[in-house]
Amino acid sequence: MLPTAGNELSSVNSKECKENIIKFEMEYNVSLKIIGMGKGIPERCVTNDDLAGFLDTDDEWIVTRTGIKTRYVCTYETLTDLSVTAAKQALDKANLAASDISLIICATLGGDYRTPSHACTVAEQLGTTCPAFDINAACTGFVYALDIASAYLEAGKAKNILIICAEMMSSQMDWNDRNTCILFGDGAAACVVTAGNALKYTSLSAIADTTILNLPVDTGNNPFIAEKRGKAYLQMQGQEVFKFAVGIVGKDVKHALETTGLSPEQIDYFILHQANKRIIDSIRVKLKQPEEKFPVNIDKYGNISSVSVPLLLSEMLDEGKINPSDTLFISAFGAGLTAGSCILVWE
Ligand code: UT7
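Below you will find a few notes about this structure. All figures in this text were calculated on a predicted structure; none of them were measured in a lab. (Residues numbered from 1 in each chain as written. Predicted model: local features only at pLDDT ≥ 70, side-chain atom pairs only at ≥ 80, totals over all residues. Heavy atoms only, no water.)

Where the residue is not glycine, phi is negative for most of them; where a peptide bond is considered, it is trans in most cases. For the bond running from T115 to P116, omega is 0 degrees, close enough to zero to count as cis. The omega torsion of the bond from G336 to L337 falls at 0 degrees, within 30 degrees of zero and hence cis. Structurally, the position occupied by L337 is in strand β15 (residues 336-345). Within the chain, A138 stands out as a residue other than glycine whose phi angle is a positive 50 degrees. On the secondary structure map, A138 appears in the loop between β7 (132-135) and α5 (141-154). Given the relative accessible area of 7%, A138 is considered buried. The backbone of K288 sits at a positive phi, close to 55 degrees, despite the residue not being glycine. With respect to the secondary-structure elements, K288 resides in the loop between α7 (277-287) and α8 (298-301). (Helix = DSSP H or I, 4+ residues; strand = E, 2+ residues; numbered from the N terminus. Buried < 20%, exposed > 50% of the residue type's maximum accessible area, 1.4 Å probe, protein only.)

Take a look at the structure:
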């Protein structure tokens, strides 16, 4: 049994992060375990050469700077299609029917509709009537969703919870902007969680900074606004986000290990957000751990925001790479700026 973090809600000042970091760590009386996972990926694979066909870029630049070789992009599929596929696979693997689910949490930057929520859109297709809602913690959505799910389970307010992470990044980025559009892809991943003891530690943070990574909304046709904002796309100061990512993930790993008393050697896999292979490598080098402990899917899928981590986990399970008692450190970061990490001892 691992030692767990003490209950703590604290504000921490950091020189690198100009605003307050609100961190929440939790000791779980009843925690959760993942009992089934699934994925939904669009059919169309887009290579770097495809992008070089209409952008001033090339395969060598993209592979060297990011580690990305391909990504998948929706053409005829809706985000609901991908999410329902992922959810049904997760339910099958958990050996449960949709009617066994007592809560649906969906992490997304936005579904097929602004309202109803993406969770409700998926619930309609699954035929469930349980509560369903979305959260937006950007790329950190999966870790936030796990934390919310564990709180519901601990309170005895749900039995089986369906978490879906789903992103259609292709509709949110400017395909003329080589700084951003080469990075992202579309997809969905889902898992069913129930009461268990796998989740040992969670740490979430949010830093108030809307400048370096954001996606503005337009003002519509409101006649009372003189300066209308038309359709806007994802905006990112890449190097600033890079620095934030390396800093926060490094701190989160250190804090998680100190709190749980684990050493890096005792972690079987570091499953990190897939934003840039260089970010992952930099953390690995600092921890002096072998490459095989840092699985990647960014080469195949690019960055799918909240989906990247659960998709990686789902594929590792399918490939038989995760065994009972394996200790997984999971970490993600994204717009907000949000960050989150957790430790799972696989059940
Ligand atoms: O999940 C969301 C979180 N997002 C991230 O974590 C992203 C973090 N940031 C990054 O991954 C990297 O900063 C990028 C991959 C976005 C950019 O890599 P970089 O090494 O920071 O490149 P840069 O922005 O400094 O650009 C270097 C050069 C520039 O040209 P000059 O000014 O040196 O002439 C860019 O214009 O590379 C140019 N460039 C490109 N060249 C070819 C930028 N994008 C491209 C491109 N193809 N796609």
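Now that the structure has been shown, we can carry on.
Another point: the side chain of T80. Take T80: it is sitting in helix α3 (residues 79-94). Contacts of T80, omitting those with residues within four sequence positions, involve D112, H118, T121, V122 and Q125. (Contact = heavy atoms within 4.5 Å.)

Another point: the site of the ligand. Near the ligand, the surroundings consist of 23 residues, among which T57, R65, Q239, N276 and N303 are the closest. In this structure, R65 approaches the ligand through a side-chain N or O atom, which is 2.8 Å from an oxygen atom. Of the residues forming the shell around the ligand, the biggest block, four residues, is contributed by helix α6 (residues 238-260). Here the shell around the ligand is composed, by residue class, of eleven nonpolar, eight polar and four charged. (Near = heavy atom within 4 Å. Polar contact = N/O pair within 3.5 Å; in protein donor to acceptor, adjacent residues only side chain to side chain. Nonpolar A, V, L, I, M, F, W, Y, C, P; charged D, E, K, R; others polar.)

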